[in-house]
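# Understanding the architecture of this molecule
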Amino acid sequence: MKKALVLGSEGNIGVPLVRHLRASGVEVLESDIKPGWREGYLMADINHPVDLLPAFDWGPDVVFLLSAIVSRVTCEQASSLAISTNLGGINNVLQMAKRVTARVVFFSTSEVYGPECDPMDEAISNPKPNNRYGLSKLLGEQLVEYETRAHGLKASVVRPFMVYDENEDLGDHRSAMIRFTTDLAMGRPIHAHRGATRSWLHVSDAVRAIEAAARLDEYAVVNIGHPDILPIGDLAEMIRAELKADPALIKVTDLPSRMTLKKRPSLDRMRDLLGVVPKVSLPDGVRLVTRRVQERLKSGERPS
């Protein structure tokens, strides 16, 4: 891989992925819907493919397709936008990638599995998502697979499980790791869902896996996550202890609708196909996040 186009370059995964690729010697063109005027950046919306033509004229070897409408809440509220972007927009990118024979790495989500899959195994699970976000991404995956099977597209799919980053946006729209840390550091209560279990993958390990997916010879769907799985209440306590926050700030509540209680991924393909084993342990990751969030709050940054 010499030239990579990163669609969704301004997001919480896109920013560290771009940084990782450039550090690896890859020439990168960034593109996102956010306005920007720097060299090597193109503002474009995947729903309007004409605006993406300069990016594909540039001749990328690989297209990392991270652009999407995300979150179960957003996709339920903006259902038409979610489907048009996460399916129609994806189709636009795939058609242009075929024209320049670029390989595509499609960034999906663990939400495609739904609550009936345990373990969440790429080879044997029958995904039945219970929210529109997961559904739209599963439909996107199926479109990618169809293009590889019927029209010769070179592509792979990654399904991330709870990726976190100490530098990601602060706010209620983020995952439990960053929300718990921010709220506890500010003396606010948090709500841990009763019986929920997750694994947590640091972004430095995630971007290694995403890059490795671009080197696969054959189409594959690959979970990326951490093998250590623990109750969400245990994560809350780890963060609380690191911050020395009041134990009474942790509240236990029932799982909201359209969420999956237990996420237990099979990670054999991540190890065997991508050659990636996570390096950042959860305790080390929690320390990274708590220290960095404290620094950011001290500097005056606040959740959006």
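Here the focus is the sheet that holds strand E1 (residues 3–7). Within the open sheet, the seven strands sit side by side as E3-E2-E1-E4-E5-E6-E11. Their pairing is parallel. Single-partner strands in this sheet number two, and they are strand E3 (41–43) and strand E11 (221–224). Between one strand axis and the next, the sheet turns through 20° on average, direction left out of account. Bridge count for strand E6 (residues 155–160) against E11 is four bridges, and the pairing is parallel. In the sheet register, Val158 faces E11, and the bridge partner there is Val222. Along the sheet face, helix H1 (residues 14–23) touches E1, strand E2 (27–32) and strand E4 (62–65) and points at about 165° away from the line of E2.

Going from Asp118 to Pro119, the amide bond is cis rather than trans, its omega being 5°. In this fold, Pro119 is placed in the loop between strand E5 (103–107) and helix H5 (132–151). Unlike most non-glycine residues, Thr101 shows phi in positive territory, near 50°. When you line up the elements, Thr101 lands in the loop between helix H4 (79–99) and E5. With phi around 60°, Lys244 is a residue other than glycine that occupies positive phi space. Relative to the helices and strands, Lys244 is located in the loop between helix H8 (232–243) and strand E13 (250–253). Since its relative accessible area comes to 72%, Lys244 is described here as exposed.

Parameters and conventions
Residues numbered from 1 in each chain as written. Predicted model: local features only at pLDDT ≥ 70, side-chain atom pairs only at ≥ 80, totals over all residues. Heavy atoms only, no water. Pairing = 2+ DSSP bridges. Helix = DSSP H or I, 4+ residues; strand = E, 2+ residues; numbered from the N terminus. Axes fitted to C-alpha atoms, helices over the stretch in contact; angles between N-to-C directions. Contact = heavy atoms within 4.5 Å. Buried < 20%, exposed > 50% of the residue type's maximum accessible area, 1.4 Å probe, protein only.

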